[in-house]
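The primary structure of each chain is shown beneath.
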Amino acid sequence: MKKIVILISGRGSNMQALIDAKLPCRIAAVISNRADAPGLEIAKQHGIPTQLVAHKNYAERAAFDTALAGVIDSYQPDFVVLAGFMRILTEQFVNRYRARLVNIHPSLLPAYAGMNTHERALQDGVKIHGCTIHFVTPDLDHGPVIIQAAVPVLHDDTPQILSARVLQQEHIIYPRAIRWLCDGTASLNAKGRVVFKGAEHAHAALIAPAME
Ligand code: GRF
């Protein structure tokens, strides 16, 4: 059975969705860069080993990444799953986990890379927003896409309301993506493209719930 390690920084609702999904893999550990991340408690309640690698203990980003990689590698995971992990990782770290490092981002990439995605979408008046699961590359929030979910943006949305609508979809697509990676349905090929084993899965890689 494949093994994954999940990295968090906070609430951990995506991590919880991955736990609840009973995926065909073992969650070998949950690692946080913050001691006060509520997600650590949730992981413990599920009997999952937890580790803290506190970024504030490292003066340099590279030293933090080296320490983090050391802890990750002690579990020998097949995939490293970033679930609300709020640190930018060095190119060296990203390259070490090529084709094994996966992230969730609360926008339809390549639109709205970076922070405050919901605020920026509302400011622009876009009608469609959503979330993306992608392989991580050194180019921040721009790696090959595994699955996306689109949601409508409604005229009276606030960032909180829109964020909640997107989060609902995050909790659907992240388990689906990790399932595909662990059972070999989806993978990254040598050209850096996500490929699917069956055509039906490629079609399921976009979720667009009915417009309200
Ligand atoms: C999610 O919206 C994720 O897309 C973003 O940070 C949030 C983390 O939420 N990167 P949680 O910790 O999984 O509840």
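Look a little higher up for the structure.
Residues numbered from 1 in each chain as written. Predicted model: local features only at pLDDT ≥ 70, side-chain atom pairs only at ≥ 80, totals over all residues. Heavy atoms only, no water.

(A) Representation of the sheet that holds strand β1 (residues 2–8) in the model. Strand order in the open sheet made by the 8 strands is β3-β2-β1-β4-β5-β6-β7-β10, with mixed pairing throughout. Strand pairing shows two members of the sheet lacking a second neighbour, β3 (50–52) and β10 (206–207), which therefore form its edges. Where strand β6 (residues 128–135) lies against strand β7 (residues 145–152), 7 bridges are found, and the strand directions are antiparallel. Residue Thr 132 lies in a different strand from β7, and its bridge partner there is Gln 148. Lying over the sheet, helix α3 (residues 61–73) contacts β1, β2 (25–32), β3 and β4 (79–82), oriented at roughly 155° with respect to β2. (Pairing = 2+ DSSP bridges. Helix = DSSP H or I, 4+ residues; strand = E, 2+ residues; numbered from the N terminus. Contact = heavy atoms within 4.5 Å. Axes fitted to C-alpha atoms, helices over the stretch in contact; angles between N-to-C directions.)

(B) Seen up close, the nonpolar core. Judged by nonpolar contacts, the single largest core of 44 residues is most densely connected at Ile 4, Ile 6, Val 30, Ile 133, Ile 146, Tyr 174 and Ile 178. Counting residues per element, this core draws most heavily on helix α6 (residues 159–182), at 9 residues. Among residues more than four places away in sequence, those in contact with Ile 178 are Ile 4, Leu 18, Leu 23, Cys 25, Val 81 and Val 102. Listed in part, the 20 residues of the second largest apolar core include Leu 68, Ala 69, Leu 89 and Tyr 97. (Core = buried A, V, L, I, M, F, W, Y, C linked by side-chain atoms within 4.5 Å. Buried < 20%, exposed > 50% of the residue type's maximum accessible area, 1.4 Å probe, protein only.)

(C) The side chain of Thr 185, seen in detail. As for its position among the elements, Thr 185 is in the loop between α6 and β8 (186–188). For Thr 185, a relative accessible area of 8% corresponds to the buried category. Among residues more than four places away in sequence, those in contact with Thr 185 are Trp 180, Val 195, Phe 196, Lys 197 and His 201.

(D) Main features of the environment of Gly 198. By secondary structure assignment, the location of Gly 198 is in the loop between β9 (194–196) and α7 (199–203). With 62 residues separating them along the chain, Gly 198 and Val 136 place their C-alpha atoms 23 Å apart.

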